[in-house]
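If you want the building blocks of each chain, they are given just below.
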Amino acid sequence: MKKKNVAVILTVATVLGTMMGSMPVQAAKSEDEEITLTMIDHTSEDIKIEWEDSVVEGFMEEHPNVTIEVQRMSMDDYTQTIATKFASDDAPDIFVEDSSTLPIYIKNGYVADITDTDAVGRMTEGACEALSQDGKVYALPVSSNSYVVTYNKTVFEDAGI
């Protein structure tokens, strides 16, 4: 994939990532132009695969001229595969990545500034902080984690804690 196409592809990726409504697919010159996009992911949990498939299917229903081919692989192969594909100018159009590696993709010009897209505007405040650099947003979160501690209140009280 050429670097100039990355901004276009990220527009599509933002739609998939947010699951909130739809945006026009800017990769096509017209709604009649057929487009095939490649998505690579390392998801292995059945529930996540089911969710992801439903998002992709819903997007393609809203954009019948777009086909998204999803390729899944183990996490063991994923990072190296993505790096190799970028190095050989065969990068996927949509990919899932950890925010810790985003600065490398920004530095190499593999991802585009999506700050002014509708999808970024629909995100809650602070949701894109880890996906931003120099005030520009380069990716959207697909999910977030919440860490909590649970405890038995009675046991703690009995122990004087």
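As shown above, the structure is provided for reference.
Residues numbered from 1 in each chain as written. Predicted model: local features only at pLDDT ≥ 70, side-chain atom pairs only at ≥ 80, totals over all residues. Heavy atoms only, no water.

Q: Explain helix α2 (residues 46–62) to me, using residue names and the numbers behind them.
A: Each turn of an α-helix holds 3.6 residues, which means side chains three or four residues apart point in the same direction. Under the 1.5 Å per step criterion, the end-to-end length of α2 is 24 Å for 17 residues, consistent within 8% with the ideal 24 Å. Along α2, the residues classified as buried are Glu-52, Val-55, Val-56 and Phe-59. Along α2, the residues classed as buried sweep out an arc of 95° about the axis, all on the same side. α2 presents Asp-46, Ile-47, Glu-50 and Glu-61 as exposed residues on the side facing more than 90 degrees away from its buried surface. (Helix = DSSP H or I, 4+ residues; strand = E, 2+ residues; numbered from the N terminus. Expected span 1.5 Å × (residues − 1). Buried < 20%, exposed > 50% of the residue type's maximum accessible area, 1.4 Å probe, protein only. Arc of directions from axis to C-beta.)

Q: A description of the sheet that holds strand β3 (residues 94–95) should follow, citing residues and the corresponding values.
A: Pairing is parallel across the open sheet formed by three strands, whose spatial order is β2-β1-β3. For this open sheet the edge positions go to β2 (66–72) and β3, each flanked by a neighbour on one side alone. Bridge analysis of strand β1 (residues 35–41) against β2 gives seven bridges, and the strand direction is parallel. Within the sheet, the bridge partner assigned to Met-39 lies in β2 and is Val-70. (Pairing = 2+ DSSP bridges.)

The values are spatial; any link to function lies outside them.
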